[in-house]
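Letter by letter, the chains look like this.
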Amino acid sequence: MKQFLTFISIFILSTTTHAQLSFTDVTASTNVGNSDTQQRLATQATWGDYDGDNDLDLYITNWGSGVGPTVAVNRLYENNNGSFSDVANSAGVSDGAFRNSVDAHWIDFDNDGDLDLYVVEFDSQDQLYQNNGNGSFSNVTGRSGINVISQGDEQAATWGDYNKDGNIDLYICKVRFRNALYHNNGDGTFSEVGETAGVDDIRDTQDATWGDYDNDGNLDLYVVNREQNNALFKNSGTGFFEEIACALSIDNTDIGKSASWIDVDTDGDLDLFIANVGANALYQNNGANQFTNIATNDMKSISGAWVSWAGAWGDFDRDGDLDLFVANGADSRAGQVSPLLQNDGSGTFTNATPGSGLSTSPTSAISTVAADYDSDGDLDIYVINSRLLSFDANQLYRNNIVP
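What this report covers is the structure whose coordinates are included nearby. (Residues numbered from 1 in each chain as written. Predicted model: local features only at pLDDT ≥ 70, side-chain atom pairs only at ≥ 80, totals over all residues. Heavy atoms only, no water.)

### Some remarks on the pairing of strand β7 (residues 101-107)
Thought 1: Counting buried residues in β7 gives seven out of seven residues, a clear majority hidden from the surface.
Thought 2: Where β7 and strand β8 (residues 116-121) come together, six bridges link them in antiparallel fashion. In the strand pairing of β8, Trp 106 is matched with Leu 117. (Buried < 20%, exposed > 50% of the residue type's maximum accessible area, 1.4 Å probe, protein only. Helix = DSSP H or I, 4+ residues; strand = E, 2+ residues; numbered from the N terminus. Pairing = 2+ DSSP bridges.)

Shown next as structure tokens:
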């Protein structure tokens, strides 16, 4: 499930004047709240133009157990030029009742030019949907060979071409069983190679992310393990990986939820952000296999007791550097505020939430994804809320920055 600030030294809390951010909550007018007359418990969302009409559509995963036999279905919101219609049933990707979907990804696994859909199920068979090119999908899970026997409790997945053969591969994060790496054979089938590749982490993995941290042309893999050492698997380029997180001092052992690679200081290499319960981490990549955790103040935790699940990085104010929206509150007793932290260009982040139009009230945010859903040139924010019994609606915030 998945899947995320002011720095030390030059990264200190500042009173620098930023461009005023302005957002409008358009959830009701766009019809993307997810939990409405049929209440749903959201877990994750992903944007992608599945129908090739040049605007972004939205897929939402939902948890089914304990919710009810008619509502435990996922949503596919088709973008109708700024308004949305749920077409999951007609497209064939509603995923059926009683499933516990926790993550989803748009990917072109068959290299035919359109987006296919992969859905991660917590305690049952995952689903791979092949795009038919006509607005519908075919379930090809069985013949693909992915996760044929469901083992352990799955949390998330991440896709990347780790062996540079032109086919996108799949890594699956699990609890109570070893993680899996599925090599894409290029013919619609996959082979599990996690053990031979050396990435079959057996710890309680919550999330993972691909990124070429050392700029050697190969995708490396960072794995978030809850209250256990996180892992960085360095890609040798030969199909094998070496675990080096401890040696690089990025084996964060907090209650990890998710991670993302970003170039926060625009120096040409990837830095690493980890969303944790309690204190987030931002590891600045210093080159030569050296990282420094520079998270402090707002970046680390505004209140000192965040329950952070994920972060959406993006240039929300269009000034050329990356800002961060942090999803907080899921699993907390009373919910928490999810802040937008604005980068002033020198590496200083300021909480820009007050007066921005974003909610300053506690919510149960479990994840967030940023995208330009209305094609106006700026990044909008979608917040996934997850609170059982109250079934909080998700929120879509339109960015009002004028290009």
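### Comments concerning the side chain of Ser 367
Thought 1: Counting through the fold element by element, Ser 367 comes out in strand β28 (residues 365-371).
Thought 2: Residue class for Ser 367 comes out buried when judged on its relative accessible area of 0%.
Thought 3: A polar contact of 2.8 Å, which involves the side chain of Ser 367, links it to the side chain of Gln 44. (Polar contact = N/O pair within 3.5 Å; in protein donor to acceptor, adjacent residues only side chain to side chain.)

### Structural notes on the sheet that holds strand β30 (residues 395-399)
Each strand in a sheet pairs with another by means of backbone hydrogen bonds, the pair being arranged parallel or else antiparallel.
Thought 1: Spatially, β2-β30-β29-β28 is the arrangement adopted by the four strands of the open sheet, whose pairing is antiparallel. In this open sheet, the two edge strands, each paired with only one partner strand, are β2 (23-25) and β28. For this sheet the average axis-to-axis angle between neighbouring strands, irrespective of direction, equals 20 degrees.
Thought 2: Pairing between β2 and β30: three bridges, direction antiparallel. Its bridge partner lying in β30, Thr 24 is registered against Arg 398. (Axes fitted to C-alpha atoms, helices over the stretch in contact; angles between N-to-C directions.)

### Some remarks on unusual backbone geometry
Thought 1: Even without being a glycine, Asn 34 presents a positive backbone phi close to 75 degrees.
Thought 2: Within the secondary structure layout, Asn 34 lies in the loop between α1 (27-30) and β3 (41-48).
Thought 3: Look at Asn 81: it is not a glycine, yet its phi comes out positive at around 65 degrees.
Thought 4: You can see Asn 81 is positioned in the loop between β5 (75-79) and β6 (84-86).
Thought 5: Look at Asn 81 and you get exposed, because its relative accessible area is 74%.

### As for the sheet that holds β6
Thought 1: The strand order β3-β4-β5-β6 describes an open sheet built from four strands, whose pairing is antiparallel. Edge positions in the open sheet fall to β3 and β6, since each of these has one partner strand only. With direction set aside, neighbouring strand axes in the sheet form an average angle of 25 degrees.

### A few points about the packing of aromatic side chains
Thought 1: Taken as a whole and judged by the stated rule, the model has 21 aromatic pairs.
Thought 2: When the ring of Trp 159 is compared with that of Phe 190, the centres are 5.9 Å apart and the planes differ by 80 degrees; the resulting orientation is edge-to-face. Highlighted residues: Trp 159 in strand β11 (residues 153-160) and Phe 190 in strand β14 (residues 190-192), separated in sequence by 31 residues.
Thought 3: Owing to a relative accessible area of 10%, Trp 159 belongs among the buried residues under this scheme. (Phe/Tyr/Trp six-rings, centres within 6.5 Å; stacked < 30°, edge-to-face > 60°.)

These results come straight from atomic positions and should not be treated as a statement about function.
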